[in-house]
Each structure stands twice: as C-alpha cells, then as structure tokens.
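# Per-entry structural report
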Amino acid sequence: MAIETDAEFSAMYRAHYADVLAFVRRRTVQADDVVGETFLAAWRRRRDLPPDPRPWLFRTARNLMLNADRSARRQRAVAVRVAEHDRGDGYEPMLTAEARMDLVKAWRSLSTQDQELLALHAWEGLSDKEAATVLGCTRAAFSMRLSRAKRRLAKHVGPVSDLPIAFANLNGAS
C-alpha cells in the first residue's frame, strides 16, 4: 500500500487513529506520545506500508512502548486496566468485586508476554494472523503461544461466565 499523497496518508490516519489510540491507551499512560510517534513512523515509511496498515501500526506502537518502558510499572498498569476497563461494548460493569479481584490476581500471575497475547486477542480483536504481525512471529507461533496463555489463565480463574465479556471468548476457538 504505497501512499503517494498527503490525502492518502490523511485517509489512512483517519481510518486507523482511533484503533491505535485505544491499543496504546490500554498499555501506557503516555498514549499521545506513542500514537504521535507511531504515525510519524508511518509517514516516514508511507511508501512501504502493507495493504492493511493496522497490524503494522499496532506493531510499531508496541515496539515504541517496549523501548520506552521496560519496567514493572507497565505490568502493574495493565493489570489495573483489566479491572477498570470499560469499553462500552459489552464489558460487564456489574461484575462482582470478588470476580474482578480474582481476574486481576490471575492477570498479575501471568507473564507480560501472556498478558500481551491475551490482550491482542481479547481487547483488540485481532485475528491470529494480525496479532502475529504485531508480535513479529508466524501465525502458528502466535496460535500456540495464545493457547498456552489461555490455559495458564484458565488455571487461575473460575467459570468463563464469571469473566468480563471481553475475556469470555478466551475458551473459544481462536
């Protein structure tokens, strides 16, 4: 998807800005900086962007975040967002406090890598192929890692019906 004109880049920006912003906000408090740097990178590489730039944009944003913040603070922030997250798309705000605490505890017990796999699948709704692009691995590798992450999460949580809807599909097919 070679972007040759400012208008083409503007159209791509408008089409993907909200998704990239939501992706970044769920992972860091420095969302505006990361999103700005992501689209700056896209502008610089505009002639080399793939036909579907969304996974590329997510991967670029992810790499920027990893480079900017490799400390434990990021892991704690993601865990807190699991408990507080309300996208307005079916997330169950009346989830009992006990179930929320169990989910946060289970989430915190996972590695950062497992959290990222599950977040790409549950929050971002990416296909295995798209998520693999974000992580820079093959679809098969992503699917295997996701399956293992789901099993590790399942060991720590109760019935799927007790989970927020965003996580309810974790036991289903990827």
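See above for the structure.
What you see is a predicted model; the values in this text were computed from it and never measured.

### Brief notes about helix α1 (residues 6–25)
With 20 residues, α1 extends 26 Å between its outermost C-alpha atoms, agreeing within 8% with the 28 Å of an ideal straight helix rising 1.5 Å per residue. His 16 marks the point of greatest bend in α1, at about 45°. Of all the positions in α1, only Phe 9, Met 12, His 16, Val 20, Leu 21, Phe 23 and Val 24 are classed as buried. On the buried face of α1, the contacting elements are α2 (31–44), α3 (53–68), α6 (112–122) and α7 (128–135).

### With respect to the packing of aromatic side chains
Inspection of the entire model under this criterion finds six aromatic pairs. On the basis of an interplanar angle of 70° and a centroid distance of 4.6 Å, the ring pair of Tyr 13 and Phe 39 is categorised as edge-to-face. Remark: Phe 39 occurs in helix α2 and Tyr 13 occurs in helix α1; sequence separation between them is 26 residues. Using a relative accessible area of 33% as the deciding quantity, one classes Tyr 13 as partly exposed. Look at Phe 39 and you get buried, because its relative accessible area is 5%. Relative to Phe 39, the ring of Tyr 17 has its centre 6.2 Å away and its plane inclined at 35°; by these criteria the two rings are tilted. Note that Tyr 17 is positioned in helix α1 and Phe 39 in helix α2, a separation of 22 residues in sequence.

### Quick notes on the pattern of salt bridges
Across all of its chains, the model carries eight salt bridges by this definition. For Arg 27, the salt bridge goes to Glu 116, with nearest N and O atoms at 3.3 Å. With a gap of 89 residues between them, Arg 27 in the loop between α1 and α2 and Glu 116 in helix α6 connect regions that are remote in the sequence. The pair formed by Arg 27 and Glu 116 is uniform in burial state, with each residue classed as buried. Counted as one network, the salt bridges with shared partners bring together Arg 26, Arg 27, Arg 62, Glu 116 and Glu 124.

### Re the packing of α2 against α3
As a packed pair, α2 and α3 sit with axes 9 Å apart at the nearest point and diverge in direction by 125°. Judged on the interaxial angle alone, α3 and α2 are oblique. Crossing geometry of α2 relative to α3 is assigned as right-handed. Judged by residue contacts, Val 34, Glu 37, Thr 38, Phe 39, Ala 41 and Ala 42 of α2 engage Trp 56, Leu 57, Thr 60, Ala 61, Leu 64 and Met 65 from α3.

### Some thoughts on the nonpolar core
Formed by 38 residues in total, the largest nonpolar core has its most connected members in Met 12, Phe 23, Val 24 and Phe 142. Elements that contribute at least two residues to this core include exactly α1, α2, α3, α5 (97–109), α6, α7 and α8 (139–154). No other element matches α1, which puts six residues into this core.

### As for the side chain of His 16
Summarising the element assignment, His 16 is placed in helix α1. With near-sequence residues (within four places) excluded, His 16 lies in contact with Phe 39, Asp 52, Pro 53, Arg 54 and Leu 57.

### Quick look at α8
End to end, α8 covers 22 Å across 16 residues, agreeing with the expected 22 Å (1.5 Å per residue, within 8%). Those residues of α8 not exposed but buried are Phe 142, Ser 143, Leu 146, Ala 149, Lys 150 and Leu 153. All buried residues of α8 fall inside an arc of 130° around its axis, so they share one side.

### Overview of the environment of Gln 113
For Gln 113, the location among the structural elements is in helix α6. Given a relative accessible area of 56%, Gln 113 falls into the exposed group.

Each value, and the rule that gives it
- Residues numbered from 1 in each chain as written.
- Predicted model: local features only at pLDDT ≥ 70, side-chain atom pairs only at ≥ 80, totals over all residues.
- Heavy atoms only, no water.
- Helix = DSSP H or I, 4+ residues; strand = E, 2+ residues; numbered from the N terminus.
- Expected span 1.5 Å × (residues − 1).
- Bend = angle between axes of the 7 residues up to and from the residue.
- Buried < 20%, exposed > 50% of the residue type's maximum accessible area, 1.4 Å probe, protein only.
- Contact = heavy atoms within 4.5 Å.
- Phe/Tyr/Trp six-rings, centres within 6.5 Å; stacked < 30°, edge-to-face > 60°.
- Salt bridge = Lys/Arg side-chain N within 4 Å of Asp/Glu carboxyl O.
- Axes fitted to C-alpha atoms, helices over the stretch in contact; angles between N-to-C directions.
- Parallel < 35°, antiparallel > 145°, perpendicular 65-115°, else oblique.
- Left-handed = near helix turned anticlockwise from the far one by under 90°.
- Core = buried A, V, L, I, M, F, W, Y, C linked by side-chain atoms within 4.5 Å.
- Arc of directions from axis to C-beta.

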